Amino acid sequence: MKHFIIVLTVALITLSIMFAIYQPNILEDIWLWAIGLIGPIIGFLREIIKSLNKFFKELDLNE
């Protein structure tokens, strides 16, 4: 699961850089939204990861 998050983060950073270089007008409209929503998105992803880890640990204990 951690590898998926790392790959997803690298992909988003790469796409952002590519858009900034080749299509800066796309980022111009959404950069404030992205910056404003980074905190809640990270918090939401952390809670999902915690609940999934808890769920998988419970499955292991039941077997």
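Up top is the structure.
Residues numbered from 1 in each chain as written. Predicted model: local features only at pLDDT ≥ 70, side-chain atom pairs only at ≥ 80, totals over all residues. Heavy atoms only, no water.

**Some thoughts on the overall build of the chain**
From N to C terminus, the chain includes 2 helices and 0 strands. Taken along its principal axes, the extent of the C-alpha atoms in the chain is 55 × 20 × 10 Å. Counting all 63 residues of the chain, 0% fall into the buried class. Working note: accessible area of the chain is about 6000 Å², and carbon and sulfur atoms make up 73% of it. For the chain, the separation between the mean place of its 5 positive charges and that of its 6 negative charges on side chains is 11 Å. (Helix = DSSP H or I, 4+ residues; strand = E, 2+ residues; numbered from the N terminus. Buried < 20%, exposed > 50% of the residue type's maximum accessible area, 1.4 Å probe, protein only. Areas by Shrake-Rupley, 256 points an atom, 1.4 Å probe, with all protein chains shown as cover. Lys, Arg positive; Asp, Glu negative; His and termini not counted. Charge placed at Lys NZ, Arg CZ, Asp CG, Glu CD.)

**Considerations on the packing of helix H1 (residues 2-22) against helix H2 (residues 24-62)**
Contact pair H1 / H2: the axes reach a minimum separation of 11 Å and the direction vectors enclose 170°. By the angle between their directions, the pair H1 and H2 is classed as roughly antiparallel. Residues Ile5, Ser16, Phe19, Ala20, Ile21 and Tyr22 of H1 form the contact with H2, whose own contacting residues are Pro24, Ile26, Leu27 and Ile49. (Axes fitted to C-alpha atoms, helices over the stretch in contact; angles between N-to-C directions. Parallel < 35°, antiparallel > 145°, perpendicular 65-115°, else oblique. Contact = heavy atoms within 4.5 Å.)

**Regarding the environment of Ile42**
Looking at the element boundaries, Ile42 is found in helix H2. The spatial distance from the C-alpha of Ile42 to the C-alpha of Asn25 is 26 Å, given a sequence separation of 17 residues.

**Thoughts on the environment of Ser16**
Its place among the elements puts Ser16 in helix H1. For the pair Ser16 and Trp33, spaced 17 residues apart in sequence, the C-alpha to C-alpha distance is 14 Å.

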